[in-house]
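# Descriptive analysis of the structure
Each chain is listed here by its residues.
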Amino acid sequence: MSDDRLFLSTDKPPAEPASLVDDFTPGLITQANHHLCPGCGEPIAIRAAMEAAEELALAERTVAVFGIGCYTAFAHNLDVEVVQALHGRAPSVATGIKRMLPEGFVVTFQGDGDMVNEGLQEVLHAAARGENITCLLLNNGVFGETGGQMTTTTTLGQRTKTSIEGRNPHQHGHPILLSDLTATMDGAAYVARCAVNNAGNVARTKRYITRAYESQMAGAGFSLVEILTMCPTGWFVDTLEGPEYLQNTLAPVHNIGELKTP
Amino acid sequence: MSERVLIEGSEAMARAAVAAGCRFFAGYPMTPFTELLEHMAGLLPEVDGVCMNAESELEAVGMAWGAATTGHLAATGSTGQGLSLMQESLSEITNARLPLVVFNMARGQGDYFQATRGGGHGDYRHIVLAPMDVPEAVELTQLAFDMAGQWRTPVMVLGDYYLAHTYQAVSVPSFDTAAPEVPNWALDGSTGGSGAAKIVSPLGGGVEGEEGFDLGAHYAACAAHIQAMATGVEPLIDAGFCEDAELVVAAYGSVGKFVRYACLRLRDAGHRVGYIRPITLWPFPSEAVHKAASGSAKAAVYEQNMGQMVDDVRLATMGTVPVEFIGGPSWDHSGFGIGPDINVPDISERILETMP
Amino acid sequence: MNSPLAGERELMLTGIGGQGVQLAAQVIAQGAIADGKEVLVFGSYGGMMRGGNTDSTVVISDQPIEAPPVLSATWSAILMHHQYWAPLRVLISDGGLVLVNTSVFEDQLDRDRYRVVEVPATDVATDLGNPLLAAMVMAGVYGRTSGLVSLDGLVEGMRRSVPPYRSQLIEANEAALAKGWEMAA
Ligand SMILES: Cc1ncc(C[n+]2csc(CCOP(=O)(O)OP(=O)(O)O)c2C)c(N)n1
Ligand code: SF4
Ligand SMILES: [Mg+2]
């Protein structure tokens, strides 16, 4: 794995000796050699989620439930207990776990295709039930793993493999703003949306995830953190253009900020 | 064992499930499964268990999946359409090697193939137990939980409207409220941070990119496990009067009880007819069926469908006796699987017409 | 060889909703269990509203029950009302036992085919203070004439069958069972 920015940022030889990727790997991620694309936002989001768990000392009570998407690769890369669920079905699996382990900490990792397309009813029902779990939505506005097709969160005008001329409301309908929808539900305690396209947003992401975890540990009810992530591959843009594309395409529609706090 | 009580099939199965250690149930109402769900909702809180009235069958099976990962005995169930919805999960739960009991309260017998062929995607099978009446349902419910735990696999109990709504005198086992033993593969979060946190996945275990993570090897192990069940699960069958029978009739479940009764009456009237009633539908008791039918001139299969188990009987007998299908679909106005043709005189007549 | 069916006795009950047909079936079945017998009961699955069709099947034996839940022949019958009894009429076995509630039943019976016991159950129940006790009177008569359930069994069966919110009726029910038993002497 290489980070292009390291090479672009300087033309001088490095001032310090090289350090291994492992040095930067948070404690609860077992190895850094994931198979996700360079410039992908999902590892950043997962890293924030694992750092937050570590800082709140949740490691020894966590069960993470994974949906199906590119992030699924991390199911085998974490040093917390993991249940691999089906595409869209993580919230009900998480429900079964949490009901049997009320003292446990249960978090789902799902993409927009997983949570907002295939499994929309699952997340809404879990929210309505006030299920005391945390769902993390890694929203890149496309089905990344299957090659960049339109999802329900794809924004108007956004070009994907199945909306080649851009998403057109007459033909493709309108995007679902999941966090806004969930925030209207009584069972939802904490709902926030953030992004990982710059350092400030990454810090904010970790802050929001931490608040969601705290709300679960306080027994407040359902929590959702939607994290806008880059998918340069599925967006068909250069790796380095991902953050800006996110800012211009997803962020104006899926607005960043806390939508509901306990 | 507690005292004998008059109890409806649904309640008897619910009580047997809780007595067998079931501590989690999730379901979505559908006749004739609904009463089982209602009884579980009433009973599970007595033992600090959880019953979820799930928002759909998709979610019911998902919840049961999650509960099963914690090592507590979990169950779900439904009827035809609901089972169809659950198949994707049932297939993957099998590959995740999780114990689960599935109560399939079917409408009629049209779902034999769905129940015995895996039902969902992938190359797998479930153990399927088909009780003929309430006392047997109590026994097989206990067995289902035992087998699910022993083999770490979903086990299906296949019932129907008749079973759900018949009252019979049975001894219902009492509840054991002692905290159940949690198996070592179960999750409770505690191995996090150890460097070797557990994972429960239909894709197998191991750390990606390292030795031990190999989807091909996992699927091979799953296939080997199905094979081990196929040969290791003891096939159960009930058979009678086959030694000197001219005709042997096969049937399963509640309908099997009608057929069995018809055969008993025909025997009383001097007809040389025998019956075979497979109790494990998978693994199918092929050897026993073969043996029971081999002495007779002919075999017949009665099912409340277009002919599904008849294929298994033909495979079991391998052409050694002619096998005739004498059943057929039969529905009353309710659509719940009550068959106007499912009565002893009509069944007896078909049997007599088939006698060699 | 002794047939496994030899000891099985079937009872079918018919009436209109509100006559206590389901309760009578329960009391007889529970009574048989209290006496240590094997029992199977299958109620009708249609809407059992007041005034509508209601029937029930009970099978009693000393051995595990071989009969399936839906029967095509019955050794005995309790006819609380004639309105919905046509399907049952043809199922009564030759030489069987038929208890008829003569207070309301208005139809012909094939008296040469089976033994008919006439019970003015609704009138007797009215004399006891409540026409709704008719089914209990019938159950009492049935226990004794059939020889299948003891009076103690019936009383115990009734106690198990009456829902808690009806417990004030237990005494009256017991009196009705005893009255029926006495009438069958
Ligand atoms: C029932 C089902 N349908 C389709 C798929 C194929 N599939 C795998 S990943 C995926 C897209 C995932 O999209 P998303 O959740 O947004 O994750 P991303 O890859 O974008 O991170 C699809 C459609 C599947 N696994 N299961
Ligand atoms: S396709 Fe998109 S979401 Fe998937 S790894 Fe690549 S960049 Fe990430
Ligand atoms: Mg996506």
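All of these numbers come straight from a predicted model, not from anything done at the bench.

Conventions used here
Residues numbered from 1 in each chain as written. Chains lettered and ligands numbered in written order. Predicted model: local features only at pLDDT ≥ 70, side-chain atom pairs only at ≥ 80, totals over all residues. Heavy atoms only, no water. Donors = N, O, S within 2.8 Å, 3.2 Å for Na, K, Ca; no water. Helix = DSSP H or I, 4+ residues; strand = E, 2+ residues; numbered from the N terminus. Buried < 20%, exposed > 50% of the residue type's maximum accessible area, 1.4 Å probe, protein only. Salt bridge = Lys/Arg side-chain N within 4 Å of Asp/Glu carboxyl O. Lys, Arg positive; Asp, Glu negative; His and termini not counted. Contact = heavy atoms within 4.5 Å. Pairing = 2+ DSSP bridges. Axes fitted to C-alpha atoms, helices over the stretch in contact; angles between N-to-C directions. Buried area = accessible area lost by both parts, 1.4 Å probe. Polar contact = N/O pair within 3.5 Å; in protein donor to acceptor, adjacent residues only side chain to side chain. Nonpolar A, V, L, I, M, F, W, Y, C, P; charged D, E, K, R; others polar. pLDDT = per-residue confidence, 0-100. Domains from an automatic or database assignment.

## A word on the coordination of the magnesium ion (ligand 3)
All names here are of chain A. On the protein side, the magnesium ion (ligand 3) has Asp 112 (OD), Asn 140 (OD1) and Val 142 (O) as donor atoms, found 2.1 to 2.2 Å from it. Between consecutive donors of the magnesium ion (ligand 3), the numbers of intervening residues give the motif D-x27-N-x1-V. One end of the pair, Asp 112, is in helix H4 (residues 112–118); the other, Asn 140, is in the loop between strand E4 (134–139) and strand E5 (142–143), with 28 residues separating them in the sequence. Taken as a pair, Asp 112 and Asn 140 share a single burial class, namely buried.

## Observations regarding the pattern of salt bridges
If you walk through the whole model with that rule in mind, you get 30 salt bridges over all chains. Note that Arg277(B) and Asp238(B) form a salt bridge whose closest N and O atoms lie 3.1 Å from each other. Remark: Asp238(B) occurs in strand E10 (residues 237–240) and Arg277(B) occurs in strand E12 (residues 273–278); sequence separation between them is 39 residues. An identical accessibility class is assigned to Arg277(B) and Asp238(B); each is buried. Lys37(C) is the partner of Asp62(C) in a salt bridge, and the nearest nitrogen-oxygen pair spans 3.9 Å. Residue Asp62(C) is located in the loop between strand E3 (53–61) and strand E4 (74–79), and its partner Lys37(C) is located in the loop between helix H1 (21–34) and strand E2 (38–43); the two are separated by 25 residues in the primary sequence. Residue Lys37(C) is classed as buried on the basis of its relative accessible area of 16%. One network of salt bridges, in which partners are shared, links Glu136(B), Asp238(B), Arg260(B), Arg277(B) and Glu66(C).

## Side note on the environment of Glu287(B)
Residue and element names in this part refer to chain B. Position of Glu 287 among the secondary structure elements: in helix H10 (residues 286–294). A residue is classified by how much of its surface remains accessible, and Glu 287, at 72% relative accessible area, is exposed. A C-alpha to C-alpha distance of 29 Å links Glu 287 and Tyr 162, two positions 125 residues apart in sequence.

## Section: the side chain of Glu92(B)
Its location among the elements puts Glu92(B) in helix H4 (residues 80–95). No salt bridge is formed by the buried Glu92(B); its nearest oppositely charged neighbour, Arg89(A), is found at 11 Å. Excluding its chain neighbours within four sequence positions, the residues that come into contact with Glu92(B) are Leu86(A), Trp65(B), His121(B) and Pro202(B).

## A short note on the sheet that holds strand E2 (residues 81–84) of chain A
With respect to topology, 8 strands assemble into an open sheet ordered E9(A)-E7(A)-E8(A)-E4(A)-E3(A)-E1(A)-E2(A)-E9(B), the strand pairing being mixed. The sheet is open, and its two borders are formed by strand E9 (257–260) of chain A together with strand E9 (199–200) of chain B, each paired with just one other strand. When strand E1 (residues 62–66) of chain A meets strand E3 (residues 105–111) of chain A, the two strands line up parallel, connected through 5 bridges. Directly across from Val65(A), in E3(A), lies its bridge partner Thr108(A). Strands in contact with helix H3 (residues 90–100) of chain A are E1, E2, E3 and E4 of chain A; relative to E3(A), the strand with the most contacts, it is inclined by about 175°.

## Quick notes on the interface of chain C and chain B
Listed as interface residues are 26 residues of chain C and, on the opposing side, 26 residues of chain B. A buried area of about 2,200 Å², summed over both sides, lies between chain C and chain B, and 60% of it is on carbon and sulfur atoms. As a salt-bridge pair, Arg4(B) and Glu38(C) come within 3.2 Å of each other at their nearest N and O atoms. Where chain C packs against chain B, one counts 6 residue pairs in polar contact (both at pLDDT 80 or more). Put simply, the parts of the chain that give the side of chain C that touches chain B at least two residues each are H1 and E2 of chain C. Broken down by element, the residue count for the side of chain C that touches chain B peaks at 5 residues, all from E2(C). By residue class, the composition of the side of chain C that touches chain B is 15 nonpolar, 5 polar and 6 charged. By the bridge criterion, 3 bridges tie strand E8 (residues 166–171) of chain B to E2(C) in an arrangement that is antiparallel. Within the sheet, the bridge partner assigned to Gln168(B) lies in E2(C) and is Leu40(C).

## Concerning the confidence of the model for chain A
Residues of chain A with pLDDT of at least 70 account for 92%, and the chain-wide mean is 92. This stretch, residues 1–9 of chain A, has a pLDDT under 50; its non-local contacts, to residues over four places away or in other chains, come to 3 contacts.

## Some points on the domain arrangement of chain B
Accessible area lost during the coming together of the parts is what is often quoted as the interface size. Residue and element names in this part refer to chain B. Assigned domains of chain B: these are domain 1 (4–171) and domain 2 (237–354). For domain 1 versus domain 2, the distance between C-alpha centres works out to 26 Å. Contact residues are listed per partner, giving 28 residues for domain 1 and 28 residues for domain 2. A buried area of about 2,500 Å², summed over both sides, lies between domain 1 and domain 2, and 57% of it is on carbon and sulfur atoms. Here Lys 257 makes a salt bridge to Asp 133, at a shortest N to O gap of 2.8 Å. Our count for the contact surface shared by domain 1 and domain 2 stands at 15 residue pairs in polar contact (both at pLDDT 80 or more). Going through the elements one at a time, helix H5 (112–116), strand E6 (127–129), helix H6 (134–151), strand E7 (154–160) and helix H7 (161–165) are the ones with two or more residues in the side of domain 1 that touches domain 2. The residue inventory of the side of domain 1 that touches domain 2, partitioned by class, reads 14 nonpolar, 7 polar and 7 charged.

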